[in-house]
Amino acid sequence: MAVTIYQVLAHAPSNTTPDTFNVDAGSGSDRALVIIAKSLQTGGSTSQLTDVTYPVGGTPTSATFVTGITRTFGGTRNLRVEIWVLANPDTGTNSMTATWNLAPVSGEITVYSLENVDTASTPGASGTNDGNVTTIDVTLTTLLDNSTIFMGVVGRNNVGTFTPTSPAVEDTDGETGTGFTAIDYTDLHQDTTTAGSYTITTTGTNANDWGAAAVEIPEATTTTTTTTTTTTTTTTTTTTTTTTTTTTTTTTTTTTTTTTTTTTTTTTTTTTTTTTTTTTTTTTTTTTTTTTTTTTTTTTTTTTTTTTTTLPPIERASFAVPVPAHQPELKIIISRNDAVIWEGYPDGYNHTIQAVGGDWQARIKINGDGGISLSAWLNAIGADVTVYAKTDVIWRGVVDTVTTTNGRVSVTNGSLFGQMTNRVRALYQTVRYNTNPPIGGQPVQTDWLDDKTSQDIYGILEQIVNGGEALSSEIDNLLATILKDRAYPKRSVRYNSSGAGETVSVNIEAKGYVHYLTKKMNTAVIDSTANTAIQTLLDLVTLPNNVIFSYNLEENSYQIKVNGYEGNRTIWDEIRRIVAVGSTNGNKYLFQFKGTPNGITAVYRQVNNTPQSGFDYHLKPDGELKVFGSNDPVPVHNIRAGRWLLVDTDTGEIQAMDASIRLRSNAVFVESVQYTMPDSVQISGGTPEVSTMLMARMGLGGV
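Asks: Account for the pattern of salt bridges, with residues named and values stated.
Replies: Under the counting rule described, the total for this entry stands at 17 salt bridges. With a closest N to O distance of 2.7 Å, Asp450 and Arg423 form a salt bridge. Note that Asp450 is positioned in strand E29 (residues 449–450) and Arg423 in strand E27 (residues 423–432), a separation of 27 residues in sequence. For Asp450, a relative accessible area of 30% corresponds to the partly exposed category. The partner of Glu462 in a salt bridge is Arg423, and the shortest N-O contact between them spans 2.7 Å. Remark: Arg423 occurs in strand E27 and Glu462 occurs in strand E30 (residues 462–469); sequence separation between them is 39 residues. Like Arg423, Glu462 is buried. Bridged by salt links that share partners, the residues Arg71, Asp130, Arg156 and Asp209 form one connected network.

Asks: Let's hear about the side chain of His11: which residues, and what values?
Replies: Structurally, His11 is set in strand E1 (residues 4–11). When its relative accessible area of 17% is taken as the criterion, His11 is described as buried. Only 2.9 Å separates the side chain of His11 from the side chain of Asp19, close enough to count as a polar contact. Not counting chain neighbours up to four residues away, the residues in contact with His11 comprise Asp19, Phe21, Glu108 and Ile109.

Asks: Hey, could you go over the sheet that holds strand E9 (residues 106–115) for me, with residue numbers and the actual values?
Replies: A sheet is described by the order of its strands in space; here five strands give the open sequence E1-E9-E3-E7-E6, paired in antiparallel fashion. For this open sheet the edge positions go to E1 and strand E6 (64–73), each flanked by a neighbour on one side alone. Each strand axis lies, on average, 10 degrees off the axis of its neighbour in the sheet, ignoring direction. As defined by bridge partners, E1 adjoins E9 across seven bridges and the pair is classed as antiparallel. Bridged to Gln7 within E9 is Ser113.

Asks: Run through the pairing of strand E32 (residues 504–512), naming residues and quoting values.
Replies: Note: strand E23 (residues 356–367) against E32, seven bridges, orientation antiparallel. Across the sheet, the residue bridging to Ile366 is Val506, located in E32.

Asks: Can you explain the sheet that holds strand E12 (residues 148–156)? Please cite residues and give values.
Replies: Taken together, the five strands give an open sheet; going across it, the order is E10-E17-E12-E15-E14, and neighbouring strands pair in antiparallel fashion. The open sheet has two free edges, formed respectively by strand E10 (126–131) and strand E14 (169–176), since each of these has just one partner strand. Neighbouring strand axes in the sheet, compared pairwise and without regard to direction, differ in orientation by 15 degrees on average. Where E12 and strand E15 (residues 183–191) come together, nine bridges link them in antiparallel fashion. When the sheet's bridge partners are listed, Phe150 is paired in E15 with His189.

Asks: Would you mind going over the pairing of strand E7 (residues 77–87) in detail, with residue names and values included?
Replies: Most of E7 is tucked away, with 10 of its 11 residues classed as buried. Here 10 bridges tie strand E3 (residues 32–41) to E7, and the two strands are oriented antiparallel to one another. Pairing of Ser39 across the sheet is with Arg80, part of E7. Of the strand pairs in this sheet, E6 and E7 are connected by nine bridges, and their pairing is antiparallel. When the sheet's bridge partners are listed, Thr72 is paired in E7 with Asn78. Hairpin remark: E6 followed by E7, antiparallel, with three residues in the connecting loop; positive phi at Gly74, about 65 degrees.

Asks: Tell me about the packing of aromatic side chains, and please be specific about residues and values.
Replies: All chains considered together, the criterion is met by 14 aromatic pairs. Residues Tyr513 and Tyr516 carry aromatic rings whose centres are separated by 6.1 Å and whose planes lie at 25 degrees to one another, so their mutual orientation is stacked.

Asks: Summarise a nonpolar patch on the surface; cite the residues concerned and give the values.
Replies: A surface patch of nonpolar side chains, about 310 Å² in accessible area, is lined by Val409, Val493 and Tyr495. Mapped onto the secondary structure, Val493 falls in strand E31 (residues 491–495).

Asks: Break down the confidence of the model for the protein chain for me, citing the residues and quoting the values.
Replies: Note: predicted coordinates in regions of low pLDDT should not be interpreted at a detailed level. A residue-level look at the protein chain finds 76% of positions with pLDDT of 70 or above and a mean pLDDT of 79. Here residues 223–327 is a poorly scored stretch, pLDDT under 50, and it has 178 contacts once near neighbours within four places are set aside; other chains count. Below a pLDDT of 50 lies the segment residues 652–659, which in the model reaches 20 contacts outside its immediate sequence neighbourhood of four places, other chains included.

Asks: Before we move on, could you go through unusual backbone geometry and cite the residues and values that matter?
Replies: A cis amide bond, omega 0 degrees, links Ala12 with the succeeding residue Pro13. Assignment of secondary structure puts Pro13 in the loop between E1 and strand E2 (19–24). Between Ser166 and Pro167 the backbone carries a cis peptide bond, its omega angle lying at 15 degrees. Inspection of the secondary structure puts Pro167 in the loop between strand E13 (162–164) and E14. A positive phi is found at Asp30, a non-glycine position, where the angle reads about 55 degrees. Note that Asp30 resides in the loop between E2 and E3. Classification of Asp30 as partly exposed rests on a relative accessible area of 34%. Located in the positive-phi region is Lys390, a residue other than glycine, with phi close to 60 degrees.

Asks: Outline the environment of Thr529, supporting the account with residue identities and numerical values.
Replies: Along the chain, Thr529 turns up in strand E33 (residues 526–529). The sequence separation of Thr529 and Glu555 amounts to 26 residues, and the corresponding C-alpha distance is 8.1 Å. A polar contact of 3.1 Å, which involves the side chain of Thr529, links it to the side chain of Asn531. In terms of polar contacts, Thr529 uses its side chain to reach the side chain of Thr532, at 3.0 Å.

Asks: Any chance you could break down helix H4 (residues 530–538) for me, citing the residues and the numbers?
Replies: Along H4, the positions that sit buried rather than exposed are Ala530, Asn531, Ala533, Ile534, Leu537 and Leu538. Along the axis of H4, the buried residues cluster in a sector spanning 160 degrees; they form a single face. On its buried face, H4 is in contact with E33, strand E34 (548–553), strand E35 (559–562), helix H5 (571–580), strand E36 (589–595) and strand E37 (599–606).

Asks: With reference to specific residues and values, describe the packing of H4 against H5.
Replies: One way to put it is that H4 packs onto H5 with a least axis distance of 10 Å and a crossing angle of 170 degrees. Judged on the interaxial angle alone, H5 and H4 are roughly antiparallel. In this structure, H4 contributes Ala530, Ala533, Ile534, Leu537 and Leu538 to the contact, and H5 contributes Ile571, Glu574, Ile575 and Ile578. Considering only residue class, the contact of H4 with H5 consists of eight nonpolar, no polar and one charged.

Procedures and definitions
- Residues numbered from 1 in each chain as written.
- Predicted model: local features only at pLDDT ≥ 70, side-chain atom pairs only at ≥ 80, totals over all residues.
- Heavy atoms only, no water.
- Salt bridge = Lys/Arg side-chain N within 4 Å of Asp/Glu carboxyl O.
- Helix = DSSP H or I, 4+ residues; strand = E, 2+ residues; numbered from the N terminus.
- Buried < 20%, exposed > 50% of the residue type's maximum accessible area, 1.4 Å probe, protein only.
- Polar contact = N/O pair within 3.5 Å; in protein donor to acceptor, adjacent residues only side chain to side chain.
- Contact = heavy atoms within 4.5 Å.
- Pairing = 2+ DSSP bridges.
- Axes fitted to C-alpha atoms, helices over the stretch in contact; angles between N-to-C directions.
- Phe/Tyr/Trp six-rings, centres within 6.5 Å; stacked < 30°, edge-to-face > 60°.
- Patch = residues over 30% accessible without salt bridge, like charges linked within 9 Å, V, L, I, M, F, W, Y side chains within 5 Å.
- Areas by Shrake-Rupley, 256 points an atom, 1.4 Å probe, with all protein chains shown as cover.
- pLDDT = per-residue confidence, 0-100.
- Arc of directions from axis to C-beta.
- Parallel < 35°, antiparallel > 145°, perpendicular 65-115°, else oblique.
- Nonpolar A, V, L, I, M, F, W, Y, C, P; charged D, E, K, R; others polar.

Pasting the structure below:
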């Protein structure tokens, strides 16, 4: 049974914020709401939703943003269409509140009330497209069989009415706003069969600017029940005997006459005798009663078809986890696009922070399943990982690899930053076959080939196939095959025939967001100061999970040239090269991605070479780690790389310093910190070397 559309609400106009209106979510089972918002904004701004709330369990709960796209026209006008999804809403009619960041000039919101939805796997795949042609479509690769695709379209005022292309079915078609600030909109759906690539299409009356977004909604898990009925008939015969007795009575009367003669008188005496004879007649009547008893035996055979998905659930895990007594109040939140997948306290944890790189990697151990299914854990690849010590963020990154163990079976999914790629191009040379032997042809750089569904889930992961000679058809086939093989995580299974049968655990390896720089190829040509060059490179990067990306880059006048290398070097390669050369006066620089509650901050700064005041930490002879110059203790989980540590193993007194920290044997510049819960930390470092900077400038190594 497919996803059922209970109601379609086209709420127009929607150009106030917040905008509150009533939505009937239905009363059937496995419900979900799909919210598709369209807007037009002028003056170079974009109107987009910041929150959509609807009562769930009596408490307003936010829907989850899935995807969206902005189409700019006329230089300063922005069309926007985006999709939000809310699983398991309250039944019946309740109020919905949609909040825009900026009230649109013209806006419309369509709400689909759906039933028979696989809420644990909703949403599925998603995609977007924009253009200025009459044919409007979005292509996406569905992840599950028998899903339904929902698409919303926003267009300029004269796109006109829309005509869907079968098998797509149009649900709305309208216009809101006035004059040149009006928008035309439509919403449609299309049922699918087997998981695979589908294009949902509609056609506008006129070619003009438009944007479109689509999402896959999987149907609920289906259960097929086959009932076989067997009837058994039993016949019982009962014989009843009835006896009837008839009595006949015979009466016999005997008369006796006695004569007595006398002389003068004659006397006569009569005697009567009565004889009664009784005759008994017995009549036997036999009655046969037949009773038929019908016994029905029902045999039920149930076949269950379970729907699975490669996406994580969007619902927040609701469970209570006690804080383990052995750990220092570390709390971890794992989420995707602001939707929490898991929130709780780890049973094991360690992280690494580097002076060049920042939040680098982390490992998380959870005994049991943490309150969500093991399959949901395996589908958490690419989700945001934020680690808190009370209110402080001590590490932030994304899920790279997940391993679940259930008794004798361990399943691993990932890694994200291993061989995965969802954007690929090739640098190669054509081959000329009109010579003997064939000779190399012209160098060719192909366009990028994208798997946008994978990009929406995991962020953009680029790869370049470099070198070799081939025909263009061969390269096209190669690139398509690479995307097919590597756009999604790989899964492996390990079976231990002699292992325990009850143990359940989850092990997560996470990588810092800085690793996305290793998956982004540089295309910029730069001739500027070091700090400006780094910002130019970072401007090419987009981080996933709605993470806010900010910069804190100190000025460095050292001149840097970046040639672009025809896009054959990663942004991480370029930044490491820039950091390695230091400054004109020989000072060392560092570069880090540092996690914050709001997102990621890229930090580029000079290492402080000032004596005494340059220290951050002071390790005293008694083993106490303090803030330099005070008695304030430093929690081991808060130690950061890129700081100075004074190791005082003698008297505990801070001695006068020389002009350069490099001359102090007990002055350690922290290059790397490895923290292990609950209270172990390994600090690695030394003193910055000018020689490595010189070698980096000369291209002799030391990077």
